[in-house]
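# Summary of structural features
So the chains spell out like this:
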Amino acid sequence: MIIILKHGADPAAVESLRRDLHAQGLEVHESVGRSRHLLGLVGDTTSVSESWLLSNPVVDSLRRISDPYQKASRASHSEDSVIRIGSTHFGGGHFGVIAGPCSVESARQIESVARSVQHSGAGMLRGGAFKPRTSPYAFQGMGAEGLELLRHARQKTGMPIVSEIMSTEHLSLFEDVDLVQIGARNMQNFELLKAVGRLGKPVLLKRGLSATLEELVMSAEYILAEGNEQVILCERGIRTFEPSTRNTLDLGAIPMLKRMTHLPVVVDPSHATGISWMVKPMAQAAVAAGADGLMVEVHNDPTAALCDGPQSLTPAEFEDLMAALKPQIEFFGKILN
Ligand code: PEP
Ligand code: MN
């Protein structure tokens, strides 16, 4: 970090600032030019408070040289991280596919979807048990019973399961979930991020509706800072001025996130578009843009779905999607597993 001091800064105040920084374990290199007076900080500046520095009357401005997300940063870890969940791997050339209904609705529904998506080549089964709905009157999910049905489907098929946690109160219910999802609406629920960091299970972190990429990676940093390195990022569309799709899929986020971090990036074309016929082209675009995996909503009967029917693929549509994706994933040098 470089601190740019104000012109004519009081030398005694600068010396006092140097001493404070030194006390924080930092080396301070001073450079006095004709028009610029700088302090260069060497050491771990992640916990140096920018607002504390900016409130000092001798400080003009700051420039960060290293990323504020040290653990998630590509600079700190040049190799791709590979997250392994059962036999499904994400990152480092591995491409994982997660599929299943928006919500678990019944034992028959989740089992029949699990069997069909597994047959088409999906490696993991998704299903919401606790649903973040805009309206308090809409279906809120089956709760603990939904998780039980999901575990039952895992037992029948062997597919690892993914489900969204919405509250720290439910942590104990998620101890047996293979990949814990933090949804878009909770991307900046910092207490929940810290708690899933301590849970020590792989986490699928979805980008907030209006979150910048740096904010997404800083949220991942919360999980990593608790000692949990198994984080998968998910681009699921952002809110823009365009109303014809539910969200706008930010394809540019894929290569950018992969440059910023070593964490795998998966794409959710279902929530990104909100329209079932758009899922296939956007999934293909995500593969071409370098995604490490996909999460797709599939329902045995989308017209009767309790949540997100319009964006859900039928099992036959998912089969067609997978058939189109398999050669494409290979063409882009990845292994589907
Ligand atoms: C979901 O995946 O079920 C979900 C609610 O997605 P998002 O948090 O991206 O809206
Ligand atoms: Mn959904």
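The structure displayed is predicted, hence computed values, not measured ones.

Glancing now at the site of ligand 1. With respect to spatial proximity, 13 residues lie near ligand 1, and among them Arg126, Ala184, Arg185, Lys206 and Arg236 are the closest. Lys131 places a polar side-chain atom, nitrogen or oxygen, 2.9 Å from an oxygen atom of ligand 1. One nitrogen or oxygen atom from the side chain of Arg185 is found 2.8 Å from an oxygen atom belonging to ligand 1. In the complex, 97% of the free accessible area of ligand 1, which totals 290 Å², lies under the protein chains.

Moving on, we get to the environment of Glu105. Tracing the sequence through the fold places Glu105 in the loop between strand S7 (94-100) and helix H3 (107-120). For the pair Glu105 and Gly146, spaced 41 residues apart in the sequence, the C-alpha separation amounts to 7.2 Å. Only 3.1 Å separates the side chain of Glu105 from the side chain of His299, close enough to count as a polar contact.

Before going further, it helps to examine the packing of helix H6 (residues 213-225) against helix H7 (residues 253-260). In a pair of packed helices, the angle between the axes and the distance between the axes together describe the arrangement. At a minimum axis separation of 11 Å, H6 and H7 run at an interaxial angle of 50°. Comparing their axes, H7 and H6 come out oblique. Crossing of H6 against H7: the hand is right-handed. Here Leu213, Glu214, Leu216 and Val217 of H6 lie close against H7, whose contacting residues are Ala253, Met256, Leu257 and Met260. Taken together, the residues of the contact of H6 with H7 break down into seven nonpolar, no polar and one charged.

This brings us to the sheet that holds strand S4 (residues 59-63). Strands belonging to one sheet form pairs held by backbone hydrogen bonds; the direction of such a pair is parallel or antiparallel. Sheet architecture is open: four strands sit in the order S2-S3-S1-S4, paired in antiparallel fashion. Of all strands in the sheet, those with a lone pairing partner are strand S2 (27-32) and S4, marking the two edges. The sheet shows a mean angle of 20° between the axes of neighbouring strands, taken without regard to direction. As judged from the four bridges shared by strand S1 (residues 2-5) and S4, these two strands associate in the antiparallel manner. By the bridge assignment, Ile4 is partnered in S4 with Ser61.

All right, on to the coordination of the manganese ion (ligand 2) then. For the manganese ion (ligand 2), the full set of protein donor atoms is Cys102 (SG), His271 (NE2), Glu297 (OE) and Asp308 (OD), at a range of 2.0 to 2.4 Å. Each donor residue of the manganese ion (ligand 2) belongs to the same chain, with the gaps between them written as C-x168-H-x25-E-x10-D. Note that Cys102 is positioned in the loop between S7 and H3 and Asp308 in the loop between strand S14 (293-297) and helix H10 (315-331), a separation of 206 residues in sequence. An identical accessibility class is assigned to Cys102 and Asp308; each is buried.

About the thresholds
Along each chain, numbering runs from 1 in the same order as the chain's sequence is written. Written order decides the labels, with chains lettered from A and ligands numbered from 1. In keeping with the model being predicted, local features are shown solely for residues with a pLDDT of at least 70 and side-chain atom pairs are shown and tallied solely at 80 or more, while totals for entire chains, interfaces and linings include all residues. Excluded from the side-chain calculation are hydrogens and water; included are all heavy atoms of the structure. One heavy atom within 4 Å of a molecule or strand is enough for the residue carrying it to be called near that molecule or strand. Contacts described as polar in this section are N or O atom pairs within 3.5 Å, which, within protein, must combine one atom able to donate a hydrogen with one able to accept it, while residues neighboring in sequence count only if both atoms come from side chains. For accessible areas, the Shrake-Rupley method is used with a probe of radius 1.4 Å. Any residue's cover is judged against the shown protein chains and nothing else. The helix and strand labels rest on DSSP assignments: H or I over at least four residues marks a helix, E over at least two residues marks a strand, and numbering proceeds from the N terminus. Angular values range over 0 to 180 degrees, each being the angle between N-to-C directions of two axes fitted as lines to C-alpha atoms, with helices fitted over their stretch in contact. Orientation labels follow simple angle bins: below 35 degrees gives roughly parallel, above 145 gives roughly antiparallel, 65 to 115 gives roughly perpendicular, and whatever is left gives oblique. Less than a right angle of anticlockwise turn of the near helix away from the far helix marks a crossing as left-handed, whereas a clockwise turn marks it as right-handed. Residues count as neighbours in contact if any of their non-hydrogen atoms are within 4.5 Å of one another. Side-chain classes are defined by residue name, with Ala, Val, Leu, Ile, Met, Phe, Trp, Tyr, Cys and Pro counting as nonpolar, Asp, Glu, Lys and Arg as charged, and the others, Gly among them, as polar. Here, any two strands with at least 2 DSSP bridges between them count as paired. Water is absent from the atoms considered, so a metal site may look incomplete; donors are defined as N, O and S atoms within 2.8 Å of the metal, or 3.2 Å for Na, K and Ca. With a 1.4 Å probe rolled over the protein chains alone, any residue whose accessible area is under 20% of its type maximum counts as buried; one over 50% counts as exposed, and the rest are partly exposed.

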